[in-house]
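# Working through the structure, step by step
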Amino acid sequence: MLSKLVKTVIAGCFAACASLNAANCQTTGNAPVPYKADSIIFNGKQTGLHYGATITIPNGGRRHTAVVIVSGTGAQDRDGTMAGHKLFADIADYLTRKGILVLRVDDRGVGKSDGNYAKSTTGDFAADVLEAFHYLQTRPEVNPQHVGLIGHSEGGMSMAIAASKEPKVAFLISLAGLCMDGYDALITQNRDLVNAAPISTDEKNRYYQINEIMFKTARQYADSTNMDKVLNARYAEWKKGDDEWVKAHNIQYDHFRFPIWSYVNQATSPWYRFFIKYDPAPLLIKVNIPILAMNGDKDLMVACKENLANWKKLPAAGQDKDVTTIVLPGHNHLFLPCQTCTLQEYASIKSPFSPEALKIMGMWISKRFQ
């Protein structure tokens, strides 16, 4: 798969460059590319932040359809560097070769962007998306009527919030984008991760129990100043019964551990409080634009079936009928082909971002906006 992709990319590049002045072809490594790539900094008028980004502009004088790539959970650089893979750089390269202008941005506090990621919420990240969207509309190379958003993972939440506030967003593309309420997303994600773990059925059941208790409590006390005390109390109550279970089963060396201290620290953060209360339904009912949603069926972080169903159902409640959902068999959360498909496998996968997903995105955008 890799050799086929490389051959296709190189062949496409040389074919395009052959008809252009050499000065118009920049390079990626040793291979020339048929587009211009600029490292920029733009200012957020509403947030007051400065954002570092890379903009890739197709050659040619016309105004282009454009996209902003929206990152998921965890402070990420503009290339979407995860487990050794530069996912957003791969997407930008492919789409720009297809004539689509791409803006990819450093998250708050990363690279050339300022701001404090640790104290921010998904709502704040949605504000960053809108700043990037509005910046693109000022660029002379961009068709301001054809600017869309591509959101990965939690980026699906961020772009849904942004699109519900900005009617000029032309389209949305979800790459394993989250489209469930925060509580259900946490329950589902942790269920899938526990199911995939090499532990006994008894240990899995113990995780299911304590996770549900903790998540329900966090949701109930999301706006409370004493959430930490309640979480610790609920855990202590559960632990008392769990200790009795361990004793009754004559378990001499109990390896089960729930990280209560780190969980409480996370749950009391602004981000978690916002996340666990999140509900996409009232947002997506306002969005009536073309939507493409894709998931790998081996995704352990954003459940394929449940999230794709919501991408289809929730916009339809607002009469949005132009929603396409696609399942990519054998692909994980990073759109990489996988074998064990666990998080631990990510770094050992040598294949690039799914060529199939790239092709689908490129054709879907071109059909509607080029």
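Everything here concerns the structure above.
A short tour of the structure in this document, coming up. (Residues numbered from 1 in each chain as written. Predicted model: local features only at pLDDT ≥ 70, side-chain atom pairs only at ≥ 80, totals over all residues. Heavy atoms only, no water.)

### Some details on the packing of aromatic side chains
The tally for this structure, following the rule as stated, stands at 15 aromatic pairs. With a centroid separation of 6.2 Å and an interplanar angle of 65°, the aromatic rings of W271 and Y272 are classed as edge-to-face. W271 gets classed as buried once you look at its relative accessible area, which sits at 15%. Clustering of aromatic rings is evident, with ring pairs tying together Y207, F215, Y235, W238, F256, F258, Y263, W271, Y272 and F275. Here R219 stacks its cationic end above the ring of Y183, 3.9 Å away from the centre of that ring. (Phe/Tyr/Trp six-rings, centres within 6.5 Å; stacked < 30°, edge-to-face > 60°. Buried < 20%, exposed > 50% of the residue type's maximum accessible area, 1.4 Å probe, protein only. Lys NZ or Arg CZ within 6 Å of the ring centre and 35° of its normal.)

### Here's the deal with the side chain of E131
For E131, the location among the structural elements is in helix 3 (residues 122–136). No salt bridge is formed by the buried E131; the nearest opposite charge belongs to R108, separated by 7.5 Å. From its side chain, E131 meets the backbone nitrogen of T47 in a polar contact 2.8 Å long. Setting aside residues no more than four positions away along its own chain, E131 makes contact with F42, G44, K45, Q46, T47 and Y51. (Helix = DSSP H or I, 4+ residues; strand = E, 2+ residues; numbered from the N terminus. Lys, Arg positive; Asp, Glu negative; His and termini not counted. Salt bridge = Lys/Arg side-chain N within 4 Å of Asp/Glu carboxyl O. Polar contact = N/O pair within 3.5 Å; in protein donor to acceptor, adjacent residues only side chain to side chain. Contact = heavy atoms within 4.5 Å.)

### Some thoughts on helix 5 (residues 182–196)
For helix 5, spanning 15 residues, the distance from its first C-alpha to its last is 21 Å, which sits close to the expected 21 Å at 1.5 Å a residue. Along helix 5, the positions that sit buried rather than exposed are G182, Y183, A185, L186, T188, N190, D192 and V194. Tucked inside the fold, the buried residues of helix 5 contact helix 6 (201–220), helix 9 (270–277) and helix 11 (304–316). Where helix 5 begins, one side-chain oxygen reaches toward the backbone nitrogen of Y183, 3.2 Å away; that side chain belongs to D181. (Expected span 1.5 Å × (residues − 1).)

### Here we look at helix 8 (residues 260–267)
I260, Y263, V264 and A267 are the residues of helix 8 that are buried. Buried positions in helix 8, seen along its axis, are confined to an arc of 100° and lie on one side of it. (Arc of directions from axis to C-beta.)

### A short note on the pairing of strand 12 (residues 323–328)
Residues in a regular strand project their side chains so that they alternate between the two faces of the sheet. Two strands pair when backbone bridges link them, and strand 11 (residues 291–296) and strand 12 are joined in this way by six bridges, in the parallel orientation. Pairing of G296 across the sheet is with L328, part of strand 12. One crossover worth recording links strand 11 to the parallel strand 12 by way of helix 11, and it is right-handed. (Pairing = 2+ DSSP bridges. Right-handed = clockwise from strand over helix to strand, strands pointing away.)

### Quick word on the side chain of R206
Looking at where R206 falls in the secondary structure, it is placed in helix 6. By relative accessible area, R206 is classed as buried at 4%. Within polar-contact distance, the side chain of R206 engages the side chain of D254 at 2.9 Å. For R206, the contacting residues outside a window of four places in its chain are W238, D242, W245, V246, D254 and F256.

### With respect to the sheet that holds strand 5 (residues 64–70)
A sheet is described by the order of its strands in space; here eight strands give the open sequence 3-4-8-5-9-10-11-12, paired in mixed fashion. Both edges of this open sheet fall to strand 3 (35–43) and strand 12, since each of them pairs with a single strand only. Neighbour to neighbour, the strand axes of the sheet diverge by 20° on average, direction disregarded. Packed onto the sheet, helix 11 meets strand 10 (172–175), strand 11 and strand 12 and runs at close to 170° relative to strand 12. (Axes fitted to C-alpha atoms, helices over the stretch in contact; angles between N-to-C directions.)

### Structural notes on the state of the cysteines
Tallied over the entire structure, the rule returns one disulfide. Disulfide pairing places C338 opposite C341 at an S-S distance of 2.0 Å. Classification of the bridge connecting C338 and C341 rests on its S-S torsion, roughly 85°, and on that basis the disulfide is right-handed. We classify C341 as buried; its relative accessible area is 7%. No disulfide involves C179; its nearest neighbouring cysteine sulfur is the one of C304, lying 13 Å away. Of the cysteine sulfurs around C304, a residue in no disulfide, the closest is that of C338, at 12 Å. Residue classification places C304 among the buried positions, given a relative accessible area of 10%. (Disulfide = S-S within 2.5 Å.)

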